[in-house]
Every structure is written in structure tokens, then in C-alpha cells.
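Spelled out from the first residue to the last, the chains are:
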Amino acid sequence: MSESILDATNPRLPAPYERHALEALLARHGSPLLMIDCDVIRAQYRALAAALPGVDLHYALKPLPERSVVATLKEMGGFFDLATSGEIELVRRAGVDPRRCIHTHPIKRDVDIRDAIRFGVRIFVVDNPDEIGKFVRHRARAEVLIRVAFRNPAAAADLSRKFGCDPESVPALLDLARRLGVKVAGLSFHVGSQTPDPAMHVLAVQACNRLIVQARAEGHSLSVLDIGGGFPIAYKAAQLPIEAFCAPIREALAALPHGLRLIAEPGRFIVGPAGTGLATVVGRALRDGRWWFYLDDGLYGSYNGQLFDHADYVVRPLRDDGSRVPAVLAGPTCDSIDVVKEDVQLPLLEIGDVIVGHSMGAYTSSSATDFNFIRRARVLAVNEQAQAGAHD
Ligand SMILES: *Cc1c(COP(=O)(O)O)cnc(C)c1O
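On a predicted model such as this, the values are computed, not experimentally measured, just so you know.

Rules used in this analysis
- Residues numbered from 1 in each chain as written.
- Predicted model: local features only at pLDDT ≥ 70, side-chain atom pairs only at ≥ 80, totals over all residues.
- Heavy atoms only, no water.
- Patch = residues over 30% accessible without salt bridge, like charges linked within 9 Å, V, L, I, M, F, W, Y side chains within 5 Å.
- Areas by Shrake-Rupley, 256 points an atom, 1.4 Å probe, with all protein chains shown as cover.
- Salt bridge = Lys/Arg side-chain N within 4 Å of Asp/Glu carboxyl O.
- Helix = DSSP H or I, 4+ residues; strand = E, 2+ residues; numbered from the N terminus.
- Buried < 20%, exposed > 50% of the residue type's maximum accessible area, 1.4 Å probe, protein only.
- Phe/Tyr/Trp six-rings, centres within 6.5 Å; stacked < 30°, edge-to-face > 60°.
- Lys NZ or Arg CZ within 6 Å of the ring centre and 35° of its normal.
- Pairing = 2+ DSSP bridges.
- Axes fitted to C-alpha atoms, helices over the stretch in contact; angles between N-to-C directions.
- Near = heavy atom within 4 Å.
- Polar contact = N/O pair within 3.5 Å; in protein donor to acceptor, adjacent residues only side chain to side chain.
- Nonpolar A, V, L, I, M, F, W, Y, C, P; charged D, E, K, R; others polar.
- pLDDT = per-residue confidence, 0-100.
- Contact = heavy atoms within 4.5 Å.

Peer 1: Go over a nonpolar patch on the surface, please, and point to the residues and values.
Peer 2: On the surface, a nonpolar cluster with roughly 310 Å² of combined accessible area is contributed by Leu 307, Phe 308 and Ile 337. You can see Leu 307 is positioned in helix H11 (residues 305-308). We classify Leu 307 as partly exposed; its relative accessible area is 43%.

Peer 1: With reference to specific residues and values, describe the packing of aromatic side chains.
Peer 2: Counted under the stated rule, the structure contains 8 aromatic pairs. Ring centres of Tyr 235 and Tyr 313 lie 5.6 Å apart, and the angle between their planes is 75 degrees; this geometry places the pair in the edge-to-face category. In this pair, Tyr 235 sits in the loop between strand E9 (224-226) and helix H9 (242-254) while Tyr 313 sits in the loop between H11 and strand E13 (315-317), placing the two residues 78 residues apart along the sequence. For the pair formed by Tyr 235 and Tyr 313, the shared burial category is buried. Taken together, a centroid distance of 4.3 Å and an interplanar angle of 40 degrees make the contact between Tyr 300 and Phe 371 tilted. Linking Tyr 300 in the loop between strand E12 (290-295) and H11 with Phe 371 in the loop between strand E16 (354-357) and strand E17 (378-382), this pair joins segments that are 71 residues apart in sequence. Every member of this aromatic cluster is reached through a ring pair, and the members are Tyr 235, Tyr 303 and Tyr 313. Against the face of Phe 79 rests Arg 100, its NZ or CZ located 4.1 Å from the ring centre.

Peer 1: Tell me about the sheet that holds strand E5 (residues 101-103), residues and numbers included.
Peer 2: On the basis of which strands lie adjacent, the open sheet formed by 8 strands has the order E5-E4-E3-E10-E9-E8-E7-E6 and parallel pairing. The sheet is open, and its two borders are formed by E5 and strand E6 (123-126), each paired with just one other strand. Each adjacent strand pair in this sheet contributes to an overall mean axis angle of 30 degrees, direction not counted. With 4 bridges joining them, E6 and strand E7 (residues 143-147) adopt parallel strand pairing. The residue bridging Phe 124 from the neighbouring strand is Val 144, located in E7.

Peer 1: Account for the site of the ligand, naming residues and giving values.
Peer 2: Neighbouring residues of the ligand: 14 residues in total, closest Lys 62, Ser 193, Glu 265, Arg 268 and Tyr 363. In this structure, Gly 230 approaches the ligand through a main-chain N or O atom, which is 3.0 Å from an oxygen atom. Take Glu 265: an N or O atom from its side chain is 2.6 Å from a nitrogen atom of the ligand. Protein contacts shield 92% of the accessible area of the ligand, which totals 390 Å² for the unbound molecule. Each residue belonging to the shell around the ligand can be placed in one class, and the counts come to 3 nonpolar, 6 polar and 5 charged.

Peer 1: Now, about the confidence of the model for the protein: what can you tell me, with residues and values included?
Peer 2: Overall, the predicted model of the protein reaches an average pLDDT of 93, with 92% of residues at or above 70. Taken as a whole, residues 1-13 scores under 50 in pLDDT and shows 22 contacts with residues more than four places along the chain or in a different chain.

Peer 1: Which residues make up the pattern of salt bridges, and what values go with them?
Peer 2: As enumerated under the stated definition, the model contains 25 salt bridges in all. Among the salt bridges present, the one from Arg 67 reaches Glu 384, with a minimum N-O distance of 3.1 Å. With a gap of 317 residues between them, Arg 67 in helix H3 (residues 67-75) and Glu 384 in the segment after E17 connect regions that are remote in the sequence. Its salt-bridge partner being Asp 110, residue Arg 114 comes within 2.8 Å of it at the nearest N-O pair. Residue Arg 114 and its partner Asp 110 are located together in helix H5 (residues 110-119), separated by 4 residues, close to a single helical turn. Assessed through its relative accessible area of 22%, Asp 110 is described here as partly exposed.

Peer 1: Can you tell me about the pairing of strand E3 (residues 55-60), naming the residues and giving the values?
Peer 2: Among the 6 residues in E3, 5 count as buried, and that is most of the element. Where E3 lies against strand E10 (residues 261-264), 3 bridges are found, and the strand directions are parallel. The residue of E10 that forms the bridge with Val 55 is Leu 262. Across 3 bridges, E3 lies against strand E4 (residues 79-82) in parallel orientation. Bridge pairing in E4 links Ala 60 to Asp 81.

Peer 1: Please give an account of H3 that cites residues and values.
Peer 2: Turning to H3, its buried residues are Ser 68, Val 69, Val 70, Thr 72 and Leu 73. Positive phi shows up at Gly 77, right after H3, with a value of about 85 degrees.

See the structure below:
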């Protein structure tokens, strides 16, 4: 299948996306780069906050665990969703208040729990009897959310396959926690990443609504509902605007009992559009009538998201004279699977030319490897200082 990556959809881009600005960044910092625009993070955060009023947005660090991202969101009054001790260390160093953090890994070692408690996190997530048992010794200083599974085969990554209990087993887990003296603060779910439509979020909120009402009738004082992440962004295919995506979710939330604290755990939506991949052509060869352009970033680097995250990034040449040849964009390792785009039409690139990848902030550098001793793209934040005059 042939696809055009002609840049027809991109009008002249503002700084820092203007060609000479990007070339200057590469000259200064080396290639490959993953440029993170903190102004885009601010805009994404504001858009989701406006679409989900009354919901505390806990940024899930895993798609892009970067100091600049944490600092930007901290400044905006954001909250954080941590899953590992490394993530705890990152927010601790950024001076984040631990009371603005929750720990959401459903399966933890005691040392993980202790690290989080030492930092000052109070809310954790469980989905099974053994995990509840782990909190008996910490019950004076910790409370838990029960993560419920709602299977979502439509999501790019169905996060309810590996974690979460059946809705039907929530009452038994609540009773167990009560017998053990472990406080259950509420319920959580994650319907899956890059969810194409809000139907699963709505179903899950409605199901949790019934579970919370039932639990309260049995004397459990649940006070938190955490609706997870999964909010989609546009890659090659367009997605619903976030306002339209969240409208039915808002309606489902409005039907919940009053006084609940509402939480969401967005990851991709906050950072995905903020990341721009910059890779340089390091070699080329004409093979079987197609030009192979070899980049210094590939499937084992920033483009791993095309494998692990099922993402299809829009890429374009930074210098474009409008001509086209049949081309393949290949990564730098010696492995033949390391091909970024097959059967594309590109200008006849030269060594030193730059390929730009759009919306590459989430699940790219965070899951990249240094296979073949080829170092992963350096992450470089731009617009870290909010523009003077702009207000959050
Ligand atoms: C990965 C993850 C998130 C973020 O999900 P997105 O789809 O990127 O929004 C949120 N919560 C948990 C528990 C996760 O594992």
C-alpha cells in the first residue's frame, strides 16, 4: 500500500517548528531528538480540564516520565498518577506535594508500597484479595481504590485484560477489606488506551455508580471514583475532539451520588501532541527501484510505539522540494525488522536531511531501547517558561 506523506495538512508552522529553528536545535543538541513543547502540554491540560470540570487530572507518568513535563503540570496545579518507585523519585525531585499523587499499580511488592508511603502517598490501587492483604500492615497510613475491569477490545491497548476485578467481585473484596481493617476509599478503572469513542467510559461510570450505591447501602463509605485514562489523540486517523469525547462522560458523572471526589489519569492525551521526533538521514541506497533512507532513530528507538503502542505516526521531510520517489524509511539498527515506513513517497533525500515525526510525545522515548548501542533520542523541552501574558 502506498501512502503520501506530503505535508498538505500542515500550513507554515510557527516557531519552534519552523525549519531553521529545528535545524538549529539539531545542530546544538545532536540527532536524534524528541522535542517536547511545554506550551502544547499546557494547552492539552487546559482542554481536558475544561472538558471534565470537577475532575482532578492526575497525569500518568508512564507515557513520558520527564522532569520538564512534571514541572509544567505542577505549575498548572495538576495531580500525578505514579506506578513505580522511579516515578515517585521523579516527582519528589520536582517538589510535587505527595498529597497530589496516587499510586495506581495494581500489583506491588511491599518495598514499592513502603517507598510510596515514605514519600507521602496515601491512595493505592488493588484488584484482588492478596493485594488487599498487603495493606494490613500499612492500614493506618494507606487506603485503597478497587480497580474494576471493563474489557475494551476497541482500545489500542486493552488495559482491562491484565488488571482489574470483575464488577461482580467488588462486594466480596469490600467485605474482605472491612474484615482486615483496610480502608477502601473508592473505585477505579482504566478502559484502555487510545479509546476511539467514549462508550466504554460511560458504561464503566454507570456500572461503578451502581456498585457505589450498593456499597454505601452496605455501610461502605466510598468517596472516590477514578475514571482512568484512555483519552485519544489524532495520529494518522482523526479522533473526536476532546470536548465531544467527554460530553457523554460528563453526563454519566453527573448522575453519580453527590460529594464523590472524581479523578482521571490521563497520559497520552497530555503529552502525545507535545512531542516532535527529529531524525536524520545517515545513509541511503537504491534497492529494487526504491530508495532506502536510513535514519538515526527507528523501531528500537522513538518509533517503537508503532510496534508496542500500535501508533501510526505522521512523518514528513523537513526539507521538501515537492518531488517524489518511491521510498522506505529504515531505522539504524542491524535488524531487518527495524523499518519505520514502507512504501512511502518522499523527495530524494540526502544524507543529513531531517525527518519530522508528529505527535510522538507518548509511549515513544519512554519505551525506547539502546539496542545495538544506538542511543535513544535525547528529550529536549522547549517553551518551559510559560509565555509572558499567557495565563493558566
Ligand atoms: C498507562 C496508564 C494510564 C495512562 O493511560 P493513557 O491511555 O495514556 O491516558 C493511566 N492509568 C494507568 C493505571 C495506566 O497504567
